[in-house]
Amino acid sequence: MSASIGTGGQFAVEQLSPDFGFYLRTTGLLAERRSSMQHIEIVDTPLFGRAMRIDGCFMTSERDEFFYHEPMVHLPAIAHGDPRQALVVGGGDGGAAHHLLRYPNMARVVLAELDRDVIDMARAWLPAVHRGAWDDPRLELRLGDGRAFIESCESRFDQIVLDLTDPFGPAVALYTCEFYRACRRALRPGGVLSLHVQSPIHRGATMARLLASLRSVFPVVRPFLQYVPLYGTLWAMAMASDRADPLALTAAEVDARLARHGLNDLQLYSGDTHLALLSLPPFVRRLLAEPARPVVDGDSLDDPSLDPGAERTLRLVRG
C-alpha cells in the first residue's frame, strides 16, 4: 500500500530498521559542519522546531527533548535523593547537563564529550535545549574519550548519565561489562547510573544484551520505557545502582522530593509518571526473561539496524 506524505517541502526520512522508519518535514538547513568524526546538522522543522541530527540520525530537538532528558536525568536523581556531584558522558547538546544543574545542591557537573563541534553547534543553535548550561560555573567540560576519562578519573560521583550514540562501531566500547564496572567504581555508595538501552520494538535482542551486561555488574537494574517522538518509536532506558531502587518510591514520595528540589515545572516526569515509566508491559517482561549474553570488550552486537551505513540512513525527499 502506498500513500502520499504531503505536497511541497522536504521530508527527512529515517530508516530505523530493515522493516520500518519515519519521516519528518523540514523547512531549512540552518547549519552544517563536518567534524573529524561525524556530520552534524541543525535543521528547522514545523513540528519540533530546531533539531540536531548526526550522521543522518536525529538526536534532539527544541520541543521534544523533555521526553528523553527528563526521565533519563530525574528518575535516577530522585531515586538517589540528593545528587551533588554528577558526570555526563556524551550529551554534547547540553540537555542532560541543564537538568542536572537544576538541583539546588548540585555542586559540580562534569561533561565528557568526544566532539567539540557537537557542543559548538548546540550552543549556537539549540539554546532551548541547553538553557544556558554552558555558562554555569558548576559545569566542567572534558573533551576526549569518555571511557578513558572514567577509567582514569579519581573523582567519585553521585550520578552518572551515559548520553551516548547508539552501540555501533567504536561506541560499543561504552556498552560493555568492563565499561560498566569502571562506571560502578566511579560512583559513590548509593550512586546511580542511567543510560538508554535501545528499543524493544526493533532492537529487542540488543536491549536484552545491554541489560544483561548491566545486571552482571550492578545489584539493582531497573529498565523503563518512554515514547520519544523524534526517535519514532518506544524507547528504553535503564537505571542501575548498588542500592538505590526507584521501585521503592511511591508517587507521593517522588512528588515530595521534586518539590523539595524546586522542580515543579517539569513537562513529563512526576510521581505518577515515575511509576508508569517503570511499569513494563508483558511483552517486554517476556523479552527480558529470556537468556541474553552480556556484551564484553571485543564483541559485536550483530544488529543490522545499528549499521549507520546501511539501515540508519537519512535522506531528503521532495513531497
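In what follows, the structure referred to is the one given above.
Residues numbered from 1 in each chain as written. Predicted model: local features only at pLDDT ≥ 70, side-chain atom pairs only at ≥ 80, totals over all residues. Heavy atoms only, no water.

K.L.:
Would you mind showing me how to read the sheet that holds strand 6 (residues 57-61) here?
P.N.:
The strands making up a sheet are joined through hydrogen bonds of the backbone, oriented either antiparallel or parallel. As summarised here, the arrangement of the 4 strands in space is 3-4-5-6, forming an open sheet in which the pairing is antiparallel. Each edge of the open sheet carries a strand with a single partner, namely strand 3 (28-34) and strand 6. Each neighbouring strand pair of the sheet contributes to a mean axis angle of 25°, computed without reference to strand direction. Here strand 4 (residues 39-45) runs beside strand 5 (residues 49-54); their pairing, made up of 6 bridges, is antiparallel. Considered in strand 5, the bridge of Ile42 is made with Met52. (Pairing = 2+ DSSP bridges. Helix = DSSP H or I, 4+ residues; strand = E, 2+ residues; numbered from the N terminus. Axes fitted to C-alpha atoms, helices over the stretch in contact; angles between N-to-C directions.)

K.L.:
Got a minute to help me understand the packing of helix 7 (residues 204-215) against helix 10 (residues 282-289) in this structure?
P.N.:
Each pair of packed helices can be summarised by the angle the axes make with each other and by the distance between the axes. Remark: helix 7 packs on helix 10, axes separated minimally by 9 Å, with the N-to-C direction vectors making an angle of 60°. Between helix 7 and helix 10, the angle is such that the two are oblique. The two elements helix 7 and helix 10 meet at a crossing, and its hand is right-handed. Where helix 7 approaches helix 10, its residues Gly204, Met207, Ala208, Leu211 and Arg215 are matched on the opposing element by Val284, Leu287 and Leu288. When its residues are assigned to classes, the contact of helix 7 with helix 10 shows 6 nonpolar, 1 polar and 1 charged. (Parallel < 35°, antiparallel > 145°, perpendicular 65-115°, else oblique. Left-handed = near helix turned anticlockwise from the far one by under 90°. Contact = heavy atoms within 4.5 Å. Nonpolar A, V, L, I, M, F, W, Y, C, P; charged D, E, K, R; others polar.)

K.L.:
Just checking my understanding: could you explain the pairing of strand 6 for this structure?
P.N.:
Put simply, side chains in a regular strand alternate between the two faces of the sheet. With 4 of 5 residues buried, strand 6 is to be regarded as a mostly interior element. As defined by bridge partners, strand 5 adjoins strand 6 across 4 bridges and the pair is classed as antiparallel. When the bridges of strand 6 are listed, Ile54 appears paired with Cys57. Between strand 5 and strand 6, which pair antiparallel one after the other, the connecting turn spans 2 residues, and Asp55 there sits at a positive phi close to 50°. (Buried < 20%, exposed > 50% of the residue type's maximum accessible area, 1.4 Å probe, protein only.)

K.L.:
Teacher, can you tell me more about the side chain of Asp93 here?
P.N.:
If you trace the backbone, Asp93 turns up in the loop between strand 7 (85-90) and helix 2 (95-101). This buried residue, Asp93, is left without a salt bridge; Arg131 holds the nearest opposite charge, at 11 Å. Within polar-contact distance, the side chain of Asp93 engages the side chain of His69 at 3.5 Å. Only 2.7 Å separates the side chain of Asp93 from the backbone nitrogen of Gly95, close enough to count as a polar contact. (Lys, Arg positive; Asp, Glu negative; His and termini not counted. Salt bridge = Lys/Arg side-chain N within 4 Å of Asp/Glu carboxyl O. Polar contact = N/O pair within 3.5 Å; in protein donor to acceptor, adjacent residues only side chain to side chain.)

K.L.:
Can you help me understand the sheet that holds strand 13 (residues 233-241) in this one?
P.N.:
Overall, mixed pairing links the 7 strands, which are arranged 9-8-7-10-11-13-12 in an open sheet. Two strands lie at the open edges of the sheet, namely strand 9 (139-143) and strand 12 (220-228), each paired on one side alone. Ignoring strand direction, the axes of neighbouring strands in this sheet form an average angle of 15°. Relative to strand 13, strand 11 (residues 187-196) runs antiparallel, the two being bridged by 5 bridges. Opposite His196, over in strand 13, you have Met237 as the bridge partner.

K.L.:
Teacher, can you tell me more about the packing of helix 8 (residues 251-260) against helix 9 (residues 271-278) here?
P.N.:
Helix 9 packs onto helix 8 with a crossing angle of 125° between their chain directions and a minimal axis gap of 7 Å. By the angle class used here, helix 8 and helix 9 are oblique. For helix 8 against helix 9, the interelement crossing comes out right-handed. Two secondary-structure elements touch here, helix 8 through Ala251, Val254 and Asp255 and helix 9 through Gly271, Asp272, His274 and Leu275. Residue composition of the contact of helix 8 with helix 9, grouped by class: 3 nonpolar, 2 polar and 2 charged.

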